[in-house]
Amino acid sequence: MKIVKTILFLLATLTAAPIHATRPAIENGLLWYDTEGNPVQAHGGSFLQIGDTWYMIGEDRSGLWNPDVNMYSSKNLVDWKFEGKIIENGKHRYVYPDGSVGELGRNRMIERPKLLYCEKTGQYVIWCHWEASNYGASEAAVFYSDNITGPYKLHWAGRPLGIKSRDCNVFTDHDGTAWFISTTNENMDLGLFKLSDDYLSVVGHTSLFVGKRREAPAVIRVGDRYFMLSSACTGWNPNQCKLSWSDLLTSGWSELTDIGDAIAFDTQATSILTVHGSKETTYLYVGDRWMDPGLHESKTIIFPIEFDETGCNFEFIPKFELNLRTGKWKTRKK
Ligand code: GAL
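Just so it is clear, the model here is predicted, and its values are computed rather than measured.

Participant: I keep staring at the overall build of the protein chain and nothing clicks. Help me out?
Facilitator: Within the protein chain one finds one helix and 25 strands. Rg of the C-alpha trace for the protein chain: 21 Å, near the compact-globule value of 20 Å for 334 residues, within the 12% margin. With the principal axes as the frame, the protein chain shows a C-alpha extent of 85 × 45 × 40 Å. Expressed as a percentage of its 334 residues, the buried residues of the protein chain come to 53%. In the protein chain, 45% of the contacts between residues at least 6 apart in sequence involve partners at least 24 apart. Accessible area of the protein chain: about 15400 Å², with a carbon and sulfur share of 53%. If the 35 positive side-chain charges of the protein chain are averaged to one point and the 40 negative ones to another, these points end up 5 Å apart.

Laid out in C-alpha cells, this is it:
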C-alpha cells in the first residue's frame, strides 16, 4: 500500500511540474502585460535592482498626455508585477521662488522618470523632466521616498543651476557619486550635472557634446570606461543611435559614432542595465518604440549589447532568454 501511495505521489508531482520548463523569454515588439493581465505602461523608463528584484518605473501613457508614473517589479525581467502609481497627476505642486506654482497634471507633466537609491540617506530618489505642454518650461524635478514603492514627495522643481533642461537620465558611479544628465540649452548641448551627496540637488555642471543636439542619453560604466548612447532630437520619430566613450565623465568624450541601423531598430534609448551574473556580466539596452502605432501602445524594447575597447555591438535581437543568476543569455526562435 505504501509503495502504491509513493508511486501515486510521484506521478502527481511529475504531472504538476513539467521537468523541462523553458525559461521565460523577452520577446521584442509585443505589448507587455503585467501579472494581473493589464498592459504595462512604463515608458521613458528606468530600472533599479534590489537583491534579486528588479524595479521598473516609467511614464503611464494610457491617458496619452500628462503621464502618471507607474512602478513594476520582476524577478526575471519578463513577468512584471504592478506595484502602483508612485507619482500621480493632481497630487504634486511646487511653489517656485517667484511665487508661481507648478502643478502636476495642470501646468506641468513628467517625462523620463529615473530612479536612484542613495546609500548615504537610505532614500529612493527620482529625477525627471518636469515640463509644460509646449516644452517651454524646460525644467527638472526631484522626488524622494523612504520606501521604494513610495509614497514619493516632490522635493524641488526648476531649471538645474538655472539651465534649461529637457530629456534626462541619471547615472550612479562605483563610488556612489550620482549624476543627472539632460539635454540643455534649447536642445543644443548635453548637460552633465553632479548631484549632492543626498542626490536631492545639483552641485555642478559641465556641457558635453556642445551644439551636437543630442537627447535620450544613457550612460554605463564598463570597467574603467564610460559609454554613452544618445539620439538626435526628432520627437517621437526614431533616428540614428550614436555612441561615445570616455575615461572621465566630465571630459574627454570621443566623437559620436553610429551604431545599429539608421533608426536604432525603431527605438530611442532610455536605459542600459548591467546584469552581474556569476558567469558573465551582460548589458541590456532598453529603448522606447514610441507611437507603435499610438503613444499608449509604445513598446519597451530590450536586447543584450556588448562593449569592446571603444565600440558597441548593437544588434536587434527579436527574442532571447536570460539567466539572471549566471548572466548568460541566448537567442530564442520561439
Ligand atoms: C522626444 C523625447 C521624448 C518626448 C518627445 C515629445 O524627443 O525624447 O521624451 O519628449 O520628444 O515629442
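Participant: Before we go on, may I ask you to explain the sheet that holds strand β4 (residues 68-74) in this structure?
Facilitator: Picture the strands of a sheet paired through backbone hydrogen bonds; they go either parallel or antiparallel. Taken in spatial order, the four strands line up as β2-β3-β4-β5 in an open sheet, and their pairing is antiparallel. In this open sheet, the two edge strands, each paired with only one partner strand, are β2 (43-50) and β5 (81-87). Shown here is a sheet whose adjacent strand axes are inclined to one another by a mean of 25°, direction ignored. As paired strands, β4 and β5 are joined by five bridges and run antiparallel to one another. Among the inter-strand pairings, N70 is bridged to a residue of β5, identified as K85.

Participant: So what exactly am I meant to see when it comes to the environment of W290 here?
Facilitator: Note that W290 resides in the loop between β21 (281-289) and β22 (299-307). Taking C-alpha positions, W290 is 9.4 Å from G44, a pair spaced 246 residues apart along the chain. Leave out the neighbours within four places in its chain, and W290 touches H43, G44, E59, R112, W236, Q268, L295 and S298.

Participant: Looking at this model, I keep getting lost on the pattern of salt bridges. Mind explaining?
Facilitator: Where charged atoms from two side chains of opposite charge come close, those side chains can pair. Using the criterion set out here, one finds 24 salt bridges in the structure. For E27, the salt bridge goes to K319, with nearest N and O atoms at 3.6 Å. Placement of E27 in strand β1 (residues 25-27) and of K319 in strand β24 (residues 319-322) is noted, with a sequence separation of 292 residues between them. By relative accessible area, which is 36% here, E27 ends up partly exposed. A relative accessible area of 13% means that K319 is categorised as buried. What you see here is one network of salt bridges that share partners, running through E131, K164, R166 and E186.

Participant: Help me out: how do you make sense of the side chain of T53 in this one?
Facilitator: Inspection of the secondary structure puts T53 in strand β3 (residues 53-60). In terms of polar contacts, T53 uses its side chain to reach the side chain of D52, at 3.4 Å. Beyond its immediate stretch of four places on either side in the chain, T53 contacts L48, S73, S74 and K75.

Participant: Which parts of the structure should I look at to understand the site of the ligand?
Facilitator: Around the ligand, the neighbouring residues are E111, R112, Y135, D167, E215, G235, W236 and Q268. Within the side chain of R112, one N or O atom sits 2.9 Å away from an oxygen atom of the ligand. About the coverage of the ligand: the protein hides 88% of its 310 Å² of free accessible area. Taken atom by atom, the bulk of the ligand overlaps the second largest pocket.

Thresholds applied
- Residues numbered from 1 in each chain as written.
- Predicted model: local features only at pLDDT ≥ 70, side-chain atom pairs only at ≥ 80, totals over all residues.
- Heavy atoms only, no water.
- Helix = DSSP H or I, 4+ residues; strand = E, 2+ residues; numbered from the N terminus.
- Rg over C-alpha atoms; globule rule 2.2 N^0.38 Å.
- Buried < 20%, exposed > 50% of the residue type's maximum accessible area, 1.4 Å probe, protein only.
- Contact = heavy atoms within 4.5 Å.
- Areas by Shrake-Rupley, 256 points an atom, 1.4 Å probe, with all protein chains shown as cover.
- Lys, Arg positive; Asp, Glu negative; His and termini not counted.
- Charge placed at Lys NZ, Arg CZ, Asp CG, Glu CD.
- Pairing = 2+ DSSP bridges.
- Axes fitted to C-alpha atoms, helices over the stretch in contact; angles between N-to-C directions.
- Salt bridge = Lys/Arg side-chain N within 4 Å of Asp/Glu carboxyl O.
- Polar contact = N/O pair within 3.5 Å; in protein donor to acceptor, adjacent residues only side chain to side chain.
- Near = heavy atom within 4 Å.
- 1 Å grid on protein atoms, 1.4 Å probe; cavity = no way out; pocket = protein on both sides within 12 Å on 5 of 7 lines; lining within 4 Å.
- Sits in = over half its atoms within 2 Å of the grid points.

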